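What the coordinates show
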Amino acid sequence: MPTKIFVLDTSVILFNHQSITSFEEHDIAIPITVLEELDTFKKGSETKNFEAREFIRFLDKCSNQYPINDWIPLPGENKGRFKVILNAEVKEVNAIEAFNETSMDNKILNAALSLKEQEEGREIIMVTKDVNLRLKAKALGLLAEDFKTGKVKDVDGLDKGISIIHTTKTFIDKLYQRGKIPAEEIEEFELISNHYYILQTEEGSSGLAYYNPFERVLEKVNKHAAYGVKPRNAEQAFALHALMNPAVKLVSIYGVAGTGKTLLALAGALQQRKIYKQIYLARPIVPLSNKDLGFLPGDIKSKIDPYMQPLWDNLKFIQHQYKETDKQFKLINQMLEEEKLLISPLAYIRGRSLSDIIFIVDEAQNLTPHEVKTIITRAGENAKFIFTGDIRQIDTPYLDEQSNGLSYLVDRLKGQDLFTHIKLQKGERSELANLANELL
């Protein structure tokens, strides 16, 4: 059976520069238009700029001794070949004529159409993160699909980190009297590493518990406040427990707007300020209307501040749990002045090794799986990373519920001893916010 030819769009390469090696024994075609588009992305400090540079370097290295418009073997075992399509001559269906526009997308489509005419008997598949480009490809009779590597198959089945267990009052009383129960004594239900349990009885009694994989015990969970922020439900109590558990180095929290994700993460970090030298709050910058930061007036701080405002809002909320004369109120100002508490764009951490730091990444659903991996690999000694977000509220055009970095993180790391995940479902911002989430 002949191998397939996958034609890669620019969006796939900007999503992951290693995408070219993800198609097993099949061949890869890169339209010259894609290289031209990558050239416009190679300058800058954002992740997409890094991806563009790395891909260009990869092609240069692989094609060192070969003409780039000939089939060149990809490095590694059981890998296919790649080539750059320079002249896309189309005899039959022509994208530029069909859509009456000489756009970059139509030139890429013509490259795929020319291959379809030249490579009879082989399947030609357009691969792009751009939904509209996939539709245009299909309209021209081309096979088209999303880049599937790193996609989560079942978003609805993502681990919630919490289970409701129906048990007896005797069991709950035993747990609360002793504080913990060894795993070998529990036969009522299966225990999962770093998992949380809401224990309920038919009589209406309830309890909160957590399985500690390091000590192999089921522990009771109490509702403790963190820097003036009190948990309002069991989910928030579990989230604060995970955030302040020193044995867990990676925490993810996702939920709809108003569930308290960012607020809890920040409060938990402030509560642990003596354990870490620095608290770092970051979020990816997703410009409105796809306009670059350069369109905004002022210096770099003025350009960035609007994107960081939600983090400042949460910090002010925590600060105003106290009076201006209170030590806790003044301490936040002092930490900001001494840069022990930093709020910054995510792009600024590239290349750093982060030790003795608690690092909060807000709006993590706007990151690619590769970006999430890059961030976590910055972790040094005594570092804790917290990712928060809502996988159903994505602001970037080439990510969705299945392909974003937050979903990928939860799917890949569930059950690991160093990782805890909590899904917050109950909104606590206001009755109005809850109404909007439910009905609008």
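Residues numbered from 1 in each chain as written. Predicted model: local features only at pLDDT ≥ 70, side-chain atom pairs only at ≥ 80, totals over all residues. Heavy atoms only, no water.

**Topic: the pairing of strand E10 (residues 206-212)**
Among the seven residues in E10, six count as buried, and that is most of the element. Summarising the sheet, strand E9 (residues 196-200) and E10 pair through five bridges and their orientation is antiparallel. Counted as the bridge partner of Leu199 is Gly207 from E10. As consecutive antiparallel partners, E9 and E10 are separated by five residues, and within that stretch Gly204 has a phi angle of approximately 105°, a positive value. Across four bridges, E10 lies against strand E11 (residues 217-220) in antiparallel orientation. Pairing of Asn212 across the sheet is with Val217, part of E11. (Buried < 20%, exposed > 50% of the residue type's maximum accessible area, 1.4 Å probe, protein only. Helix = DSSP H or I, 4+ residues; strand = E, 2+ residues; numbered from the N terminus. Pairing = 2+ DSSP bridges.)

**A look at the nonpolar core**
Ranked by internal contacts, the top residues of the largest apolar core, which has 46 residues, are Tyr196, Phe238, Leu270, Ile279, Leu281, Ile318 and Leu341. Residues in contact with Leu341, not counting those within four places in the same chain, are Leu266, Leu270, Ile279, Leu281, Leu315, Ile332, Met335 and Leu336. Phe15, Ile20, Ala29 and Leu113 belong to the second-largest nonpolar core, a separate cluster that totals 45 residues. (Core = buried A, V, L, I, M, F, W, Y, C linked by side-chain atoms within 4.5 Å. Contact = heavy atoms within 4.5 Å.)

**Quick word on the packing of helix H2 (residues 32-41) against helix H3 (residues 47-62)**
For any two helices packed against each other, one specifies the crossing angle of their axes together with the interaxial distance. The geometry of H2 relative to H3 is characterised by a closest axis approach of 8 Å and an angle of 130° between their N-to-C directions. In this view, H2 runs oblique relative to H3, as classed from their interaxial angle. Between H2 and H3 lies a crossing whose hand is left-handed. Residues Leu35, Leu38 and Phe41 of H2 lie in contact with H3, whose contacting residues are Lys48, Asn49, Ala52, Phe55, Ile56 and Leu59. Counted by class, the contact of H2 with H3 contains seven nonpolar, one polar and one charged residues. (Axes fitted to C-alpha atoms, helices over the stretch in contact; angles between N-to-C directions. Parallel < 35°, antiparallel > 145°, perpendicular 65-115°, else oblique. Left-handed = near helix turned anticlockwise from the far one by under 90°. Nonpolar A, V, L, I, M, F, W, Y, C, P; charged D, E, K, R; others polar.)

**Brief notes about the packing of aromatic side chains**
For the structure shown, the criterion picks out 10 aromatic pairs. Between the aromatic rings of Phe15 and Phe147, the centroid separation amounts to 6.1 Å while the plane-to-plane angle is 75°, which identifies the pairing as edge-to-face. You can see Phe15 sitting in helix H1 (residues 10-15) and its partner Phe147 sitting in the loop between strand E6 (143-145) and strand E7 (162-166), a full 132 residues away along the chain. The burial state of Phe15 is the same as that of Phe147; both residues are buried. Ring pairs connect the aromatic residues Phe6, Phe15, Phe23 and Phe147, which therefore count as one cluster. In this arrangement the basic side chain of Lys129 is found over the ring face of Phe15, its NZ or CZ atom lying 4.4 Å from the centre. (Phe/Tyr/Trp six-rings, centres within 6.5 Å; stacked < 30°, edge-to-face > 60°. Lys NZ or Arg CZ within 6 Å of the ring centre and 35° of its normal.)

**Considerations on the pairing of strand E14 (residues 341-345)**
Burial analysis of E14 places four of its five residues in the buried class, the great majority of the element. Sheet analysis places strand E13 (residues 278-283) next to E14, joined by five bridges and oriented parallel. Looking at E14, one finds that Arg283 is bridged to Pro345.

**A short note on the environment of Lys107**
Along the chain, the position of Lys107 falls in helix H5 (residues 104-118). A relative accessible area of 34% means that Lys107 is categorised as partly exposed. Separated by 295 residues in sequence, Lys107 and Gln402 have C-alpha atoms that sit 29 Å apart. Sequence-distant contacts of Lys107, defined by excluding residues within four places in its chain, comprise Thr33, Ile96 and Thr102.

**What to know about the sheet that holds E7**
Read from one edge of the open sheet, five strands run E7-E9-E10-E11-E8, paired in mixed fashion. The sheet is open, and its two edges are formed by E7 and strand E8 (180-182), each paired on a single side. Shown here is a sheet whose adjacent strand axes are inclined to one another by a mean of 25°, direction ignored. Along the sheet face, helix H8 (residues 234-243) touches E7, E9, E10 and E11 and points at about 145° away from the line of E9.

**Overview of the packing of H5 against helix H6 (residues 131-139)**
The contact between H5 and H6 brings their axes to 11 Å, and the two run at 45°. Taken together, H5 and H6 sit at an angle that is classed as oblique. Remark: the crossing between H5 and H6 carries right-handed chirality. Across the interface between the two elements, Asp105, Asn106 and Leu109 from H5 touch Leu133, Lys136 and Ala137 from H6.

**Brief notes about the pattern of salt bridges**
Summed over all chains, the structure comprises 21 salt bridges. A salt bridge links Asp146 to Lys129, with the nearest nitrogen and oxygen atoms 3.1 Å apart. Taken together, the residues Asp146 in the loop between E6 and E7 and Lys129 in the loop between strand E5 (124-127) and H6 connect sequence positions 17 residues apart. When sorted by exposure, Asp146 lands in the same class as Lys129, which is buried. (Salt bridge = Lys/Arg side-chain N within 4 Å of Asp/Glu carboxyl O.)

**Quick look at the confidence of the model for the protein chain**
For the protein chain, the mean per-residue pLDDT works out to 89, and 93% of the residues sit at or above 70. Ranking the elements of the protein chain by mean pLDDT puts helix H14 (residues 431-439) last with 72 and strand E1 (residues 5-8) first with 97. (pLDDT = per-residue confidence, 0-100.)

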